[in-house]
Amino acid sequence: MTAQALPLAGNDGATVGVVVEGAIAIVVLNHPKRRNALTKGMCLGLTEAMVRLDNDPQVKVIALRGANGDFSAGAALDQLDHVLFDKADEALGADRLSEADAAICSVRKPTVALVEGICMGGGWQIASACDVLLAADDVRLAITPSKLGILYPRAGLERLVRRVGADRAKYLLFSAEEIAPNKAAEWGLVSDLVAAGEFEEVAMSFLRTVSRRSQYSNVTMKQLIQADESQEDVEKRWDTEWLHFPDNEDLAAGRAAFMAKERPAFTWSPTTRGLS
């Protein structure tokens with residue numbers, strides 16, 4: 001196991017921790033005084049962590065969670081100018097929260113948000129950028145920009161509409177009230193609800209399962225699902241992937257292991273194949 005906290009600006013105790021154990025990496029949002037509210041430094045650290053872990057050949061699945069029983073209360077209000085429209089580098093202001101969102105979305109490997117306790121505002125945006133969002137069944141979830149006169153960043157707003165539909169997105173945004181966990185699952189705000197008392201065991205079991213699966217299968221299917229291209233380009237990509245699919249090394253390993261009644265030892269990796 002390796003663990004580290006990325007060096008971040010400021011003296012407020014906010015960090016982004018990274019723990020790697022075998023093929024599983026866990027990125028931890030840690031701002032204990034503020035229920036893991038996101039600072040500029042945390043957003044930059046999260047972006048750096050995702051890029052680094054995506055390029056680590058040891059890592060096969062990346063989890064994102066908060067420290068001390070909460071996921072994240074969203075953007076830290078006292079740092080809003082730096083988190084949502086940071087003018088340090090750009091005249092118009094850089095949205096550091098959405099940069100972190102984009103970094104998560106750009107990861108080639110499977111990503112999983114482990115959501116417990118408070119998950120509100122920008123916290124949900126960051127969690128929902130992951131491929132899978134597992135939530136404890138006592139999670140406290142709300143989309144809260146209208147409580148504070150904030151515009152929800154475009155990436156989060158558009159994803160919210162895709163997941164729940166325009167009318168339910170408006171319901172959540174207009175009221176800014178907490179939504180019951182079972183309704184959050186029914187509407188698609190989370191991928192699955194897990195009993196709070198079993199959350200750690202179930203979440204880690206899921207991560208271990210994903211880490212044992214074929215990266216060739218998971219990475220390629222993720223790319224096909226997320227393809228943001230014209231229909232013609234999508235057809236070409238499917239044709240190309242289908243053409244090369246019979247010759248991939250993981251298929252050979254999977255077949256051999258199945259015949260031998262053994263667990264397959266998959267070897268394909270996006271980091272050694274130069275996939276973007």
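Conventions adopted
Residues numbered from 1 in each chain as written. Predicted model: local features only at pLDDT ≥ 70, side-chain atom pairs only at ≥ 80, totals over all residues. Heavy atoms only, no water. Phe/Tyr/Trp six-rings, centres within 6.5 Å; stacked < 30°, edge-to-face > 60°. Helix = DSSP H or I, 4+ residues; strand = E, 2+ residues; numbered from the N terminus. Buried < 20%, exposed > 50% of the residue type's maximum accessible area, 1.4 Å probe, protein only. Patch = residues over 30% accessible without salt bridge, like charges linked within 9 Å, V, L, I, M, F, W, Y side chains within 5 Å. Areas by Shrake-Rupley, 256 points an atom, 1.4 Å probe, with all protein chains shown as cover. Salt bridge = Lys/Arg side-chain N within 4 Å of Asp/Glu carboxyl O. Polar contact = N/O pair within 3.5 Å; in protein donor to acceptor, adjacent residues only side chain to side chain. Contact = heavy atoms within 4.5 Å. Axes fitted to C-alpha atoms, helices over the stretch in contact; angles between N-to-C directions. Parallel < 35°, antiparallel > 145°, perpendicular 65-115°, else oblique. Left-handed = near helix turned anticlockwise from the far one by under 90°. Arc of directions from axis to C-beta. Pairing = 2+ DSSP bridges.

> For this particular structure, what's the right way to read the packing of aromatic side chains?
How two aromatic rings sit relative to each other is given by the distance of their centres and the angle of their planes. Under the defined criterion, the tally for this structure stands at 3 aromatic pairs. Between the aromatic rings of Tyr 216 and Trp 268, the centroid separation amounts to 5.7 Å while the plane-to-plane angle is 80 degrees, which identifies the pairing as edge-to-face. Of this pair, Tyr 216 sits in helix α9 (residues 215-226) while Trp 268 sits in the loop between α11 (249-260) and α12 (270-273), placing them 52 residues apart in sequence. Across the pair, Trp 268 and Tyr 216 agree in class, each one buried. A centroid spacing of 5.1 Å and a plane angle of 55 degrees characterise the contact between Trp 242 and Phe 245, whose relative ring orientation is tilted.

> Where do I start with a nonpolar patch on the surface in this structure?
Taken together, the side chains of Trp 238, Trp 242 and Phe 245 present a nonpolar region at the surface, about 350 Å² in accessible area. Structurally, Phe 245 can be placed in the loop between α10 (231-244) and α11.

> Got a minute to help me understand unusual backbone geometry in this structure?
Excluding glycine, a negative phi dihedral is what most residues carry, and trans is how most peptide bonds are arranged. The residue Asn 68 is not glycine, and still its phi comes out positive at about 60 degrees. Unlike most non-glycine residues, Lys 261 shows phi in positive territory, near 55 degrees. The exposed category is assigned to Lys 261, whose relative accessible area is 77%.

> Where do I start with the side chain of Gln 215 in this structure?
Mapped onto the elements of the fold, Gln 215 is located in helix α9. Here Trp 268 takes part through its backbone oxygen, which lies 3.4 Å from a polar atom of the side chain of Gln 215. Aside from chain neighbours lying at most four places away, what touches Gln 215 is Val 59, Lys 60, Lys 109, Thr 220, Asp 250, Trp 268, Ser 269 and Pro 270.

> For this particular structure, what's the right way to read the environment of Leu 133?
Relative to the helices and strands, Leu 133 resides in strand β7 (residues 132-136). Leu 133 sits in the buried class, given a relative accessible area of 1%. Considering only alpha carbons, one finds Leu 133 and Gly 188, 55 residues apart in sequence, at a separation of 9.8 Å. Residues in contact with Leu 133, not counting those within four places in the same chain, are Ala 113, Val 115, Trp 124, Ala 127, Ser 128, Leu 189, Val 190, Ser 191 and Asp 192.

> Quick question: what am I supposed to make of the packing of helix α5 (residues 154-164) against helix α6 (residues 166-175) here?
Between two packed helices, what matters for the description is the angle formed by their axes and the separation of those axes. Between α5 and α6, the shortest axis-to-axis distance is 7 Å and the interhelical angle comes to 125 degrees. Here α5 lies oblique to α6, going by the angle between them. Crossing handedness for the pair α5 and α6: right-handed. Residues Leu 157, Leu 160, Val 161 and Val 164 of α5 lie in contact with α6, whose contacting residues are Ala 166, Asp 167, Arg 168, Ala 169, Leu 172 and Leu 173.

> When you look at α6 in this model, what are you seeing that I'm missing?
Since there are 3.6 residues in each turn of an α-helix, residues three or four apart along the chain are aligned in direction. Those residues of α6 lying buried are Ala 169, Leu 172 and Leu 173. Viewed end-on, α6 has its buried residues packed into an arc of 95 degrees, placing them on one side of the element. Opposite the buried face of α6, at more than 90 degrees from it, the exposed residues are Asp 167 and Phe 174. On its buried face, α6 sits against α5 and α7 (181-187). Looking one or two residues past α6, Ala 176 carries a phi angle of roughly 55 degrees, positive in sign.

> What is the right way to read the pairing of β7 from this model?
Look at any regular strand and the pattern is simple: side chains alternate between the two faces of the sheet. Most of β7 sits inside the fold, with 4 of its 5 residues counted as buried. Pairing of strand β5 (residues 111-115) with β7, which is carried by 4 bridges, proceeds in the parallel orientation. Directly across from Leu 114, in β7, lies its bridge partner Leu 134. Relative to strand β9 (residues 192-194), β7 is paired through 3 bridges, and the arrangement is parallel.

> For this particular structure, what's the right way to read the pattern of salt bridges?
When charged atoms on two side chains of opposite charge get close, those side chains can pair. Counted according to the given criterion, the structure contains 11 salt bridges. Two residues, Asp 101 and Arg 159, come together in a salt bridge whose shortest N-O distance is 2.8 Å. Here Asp 101 is found in helix α3 (residues 96-106), whereas its partner Arg 159 is found in helix α5, with 58 residues between them in sequence. A single burial state applies to Asp 101 and to Arg 159, both of which are buried.

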